[in-house]
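Summary of structural features
One-letter residues, chain by chain:
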Amino acid sequence: MNTAVVTLNRLFAWKIRGIRWIEIIGVLLVAVMVFSVYVAKAAAARESARISDLERQISDNGQRVRLLRAEVARLEQPNRLEALSRGAGLGPVDVHRQATVGNLPSLAPIPEPRPVVIAPTPAAPVETPVVEVER
């Protein structure tokens, strides 16, 4: 066991250009931790910016939804619809106007007439005049 302690002491006492190697490893580990904290902080800043952008979009979309709901409510007002229907010549349906089974054929839409196809007449052959050339 004494030899293990001696080798361990020699290992920790080993120097590179006057600096013990354990101190070099410690400094490197601290540098790696500082770099990893910097990378994590930069990633968190990017995510924070993305989150704030998404929250702004959600707020804008909420405002658009409220405006669209107000527009729908305005367009669906009964007084407005009634004025539009009267302007188009529409009116309320008479309560006593009801169809019975006997009236259904008269309520059916009138079918459009089918087009009539006229067969073309054969054209008379056209005679071309023959011209004689003297030699």
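Residues numbered from 1 in each chain as written. Predicted model: local features only at pLDDT ≥ 70, side-chain atom pairs only at ≥ 80, totals over all residues. Heavy atoms only, no water.

Here's the deal with the overall build of the chain
Secondary structure assignment for the chain yields four helices and two strands. Its helices and strands in sequence order give the chain the pattern α-β-β-α-α-α, from N to C terminus. Scored against the burial criterion, the 135 residues of the chain give a buried share of 1%. (Helix = DSSP H or I, 4+ residues; strand = E, 2+ residues; numbered from the N terminus. Buried < 20%, exposed > 50% of the residue type's maximum accessible area, 1.4 Å probe, protein only.)

With respect to a nonpolar patch on the surface
On the surface, a nonpolar cluster with roughly 240 Å² of combined accessible area is contributed by Ile19, Ile24 and Leu28. Its location among the elements puts Leu28 in helix 2 (residues 21–75). Leu28 sits in the exposed class, given a relative accessible area of 52%. (Patch = residues over 30% accessible without salt bridge, like charges linked within 9 Å, V, L, I, M, F, W, Y side chains within 5 Å. Areas by Shrake-Rupley, 256 points an atom, 1.4 Å probe, with all protein chains shown as cover. Salt bridge = Lys/Arg side-chain N within 4 Å of Asp/Glu carboxyl O.)

Here we look at the pattern of salt bridges
As enumerated under the stated definition, the model contains five salt bridges in all. One salt bridge connects Arg50 with Glu47, and the closest N-O pair in it is separated by 3.4 Å. Taken as a pair, Arg50 and Glu47 lie in helix 2 at a separation of three residues, close to a single helical turn. Here Glu82 and Arg86 are joined by a salt bridge, their closest N and O atoms 2.8 Å apart.

Some thoughts on the confidence of the model for the chain
Per-residue pLDDT for the chain has a mean of 83; in total, 85% of the residues score no lower than 70. Between the elements of the chain, mean pLDDT differs from a low of 69, seen in strand 1 (residues 15–16), to a high of 94, seen in helix 2. (pLDDT = per-residue confidence, 0-100.)

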